[in-house]
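# Survey of secondary and tertiary structure
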Amino acid sequence: MRRRPLDRLAATASLIFIADFAAKQWALGALVPEGDHPLAAGWHLAIVNNTHLAGGLQSAGLELPVTAILTMIVAVLVVRVCRPLAAVDASSPVTLGLLVGAGAANLADALIPPYGVVDFIGFTKPTGGAFSFNLADVVLALALVFCLRTM
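Okay, so let's go over this structure.

## Quick look at the packing of aromatic side chains
Following the criterion strictly, the structure yields 5 aromatic pairs and no others. Judged by centre distance (4.7 Å) and plane angle (50°), the rings of Trp43 and Phe123 are tilted. In this pair, Trp43 sits in strand β2 (residues 43–50) while Phe123 sits in strand β3 (residues 117–124), placing the two residues 80 residues apart along the sequence. A residue is classified by how much of its surface remains accessible, and Trp43, at 39% relative accessible area, is partly exposed. Residue Phe123 is classed as buried on the basis of its relative accessible area, which comes to 18%. For the pair Trp43 and Phe133, a centre-to-centre distance of 6.1 Å together with 90° between the ring planes defines the contact as edge-to-face.

Below is the structure:
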């Protein structure tokens with residue numbers, strides 16, 4: 001039996017949400033908050049409590065409300081376009097589920113004290129600039145690439 005588009009979207013979003021939660025719990029249990037665990041050539045594992053918007057953007061202390069509002073808007077839009085888009089691209093419900101799951105995972109993390117999203121994967125550029133992210137961020141980036149494919 002073939003699953004309906006919204007069922008596939010919900011299943012994918014749920015799996016991503018659970019996987020990201022598990023990864024963050026692993027990081028919080030396995031990594032020392034002030035420690036840095038080098039992996040290879042600029043890559044490292046370290047706990048960072050990120051209170052900024054995606055990409056390090058700030059919104060005058062309104063990061064959490066802005067994140068919540070944007071996540072809800074995206075979720076509503078995704079649910080509305082899921083069925084029509086699935087008629088054109090059968091893989092689109094999974095792609096949309098990746099977007100919703102990653103967004104919901106980071107929003108839920110931001111709502112749980114201490115406030116901020118747990119990032120634990122880091123990269124430091126040779127010039128010294130560094131950025132951190134988590135599994136949901138990786139999934140979100142992949143989902144955006146898959147959206148370009150669908151377009």
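## Quick word on the nonpolar core
Counting 14 residues, the largest nonpolar core has Leu9, Ile16, Val78, Leu96, Leu98, Ala102 and Val139 as the members making the most contacts within it. The leading source of residues in this core is helix α3 (residues 92–111), at 6 residues. Excluding residues that lie within four positions of it along the chain, Val139 makes contacts with Ile16, Leu98 and Ala102. Counting residues in each nonpolar core, the second largest holds 9 residues, with Leu45, Val118, Phe120 and Ile121 among its members.

## Focus: the sheet that holds strand β1 (residues 37–40)
Spatial strand order, β1-β2-β3-β4: 4 strands in an open sheet with antiparallel pairing. Edge strands, defined here as strands with exactly one partner in the open sheet, are β1 and β4 (130–133). Neighbour to neighbour, the strand axes of the sheet diverge by 40° on average, direction disregarded. Across 3 bridges, β1 lies against β2 in antiparallel orientation. Note on β2: the bridge partner recorded for Ala40 is Trp43. Its contacts with the sheet put helix α1 (residues 5–30) on β2 and β3, and the angle it makes with β3 is roughly 75°.

## A word on α1
For α1, with 26 residues, the first-to-last C-alpha span of 37 Å sits near the 38 Å given by 1.5 Å per residue. Of the positions making up α1, those classed as buried are Pro5, Arg8, Leu9, Thr12, Ala13, Ile16, Asp20, Ala23, Lys24 and Ala27.

## Describing the pattern of salt bridges
For the structure shown, the criterion picks out 4 salt bridges. Measuring nitrogen to oxygen at the nearest pair gives 3.3 Å for the salt bridge that ties Asp7 to Arg4. One salt bridge connects Asp109 with Lys24, and the closest N-O pair in it is separated by 3.3 Å. Of this pair, Asp109 sits in helix α3 while Lys24 sits in helix α1, and the two are 85 residues apart along the sequence. Of the two residues examined, Asp109 and Lys24, each falls in the buried class.

## Quick look at the side chain of Asn106
With respect to the helices and strands, the residue Asn106 is situated in helix α3. Looking at Asn106, the relative accessible area reads 13%, which means it is buried. One polar contact links Asn106 to Lys24, side chain to side chain, over a distance of 2.9 Å. The contact partners of Asn106, leaving out residues within four places of it in the chain, are Asp20, Lys24, Val117, Asn134, Ala136 and Asp137.

## Section: the packing of α3 against helix α4 (residues 135–150)
Helix-helix packing is described using two parameters, namely the angle between the two axes and the distance between the axes. Two elements in contact, α3 and α4, have axes whose closest approach is 8 Å; the angle formed by their N-to-C orientations is 150°. Taken together, the axes of α3 and α4 are roughly antiparallel relative to one another. Between α3 and α4 lies a crossing whose hand is left-handed. Residues Thr95, Leu98, Leu99, Ala102, Ala105 and Asn106 of α3 lie in contact with α4, whose contacting residues are Ala136, Asp137, Val139, Leu140, Ala143, Leu144, Phe146 and Cys147. Partitioning the contact of α3 with α4 into residue classes produces 11 nonpolar, 2 polar and 1 charged.

Parameters at a glance
Residues numbered from 1 in each chain as written. Predicted model: local features only at pLDDT ≥ 70, side-chain atom pairs only at ≥ 80, totals over all residues. Heavy atoms only, no water. Phe/Tyr/Trp six-rings, centres within 6.5 Å; stacked < 30°, edge-to-face > 60°. Helix = DSSP H or I, 4+ residues; strand = E, 2+ residues; numbered from the N terminus. Buried < 20%, exposed > 50% of the residue type's maximum accessible area, 1.4 Å probe, protein only. Core = buried A, V, L, I, M, F, W, Y, C linked by side-chain atoms within 4.5 Å. Contact = heavy atoms within 4.5 Å. Pairing = 2+ DSSP bridges. Axes fitted to C-alpha atoms, helices over the stretch in contact; angles between N-to-C directions. Expected span 1.5 Å × (residues − 1). Salt bridge = Lys/Arg side-chain N within 4 Å of Asp/Glu carboxyl O. Polar contact = N/O pair within 3.5 Å; in protein donor to acceptor, adjacent residues only side chain to side chain. Parallel < 35°, antiparallel > 145°, perpendicular 65-115°, else oblique. Left-handed = near helix turned anticlockwise from the far one by under 90°. Nonpolar A, V, L, I, M, F, W, Y, C, P; charged D, E, K, R; others polar.

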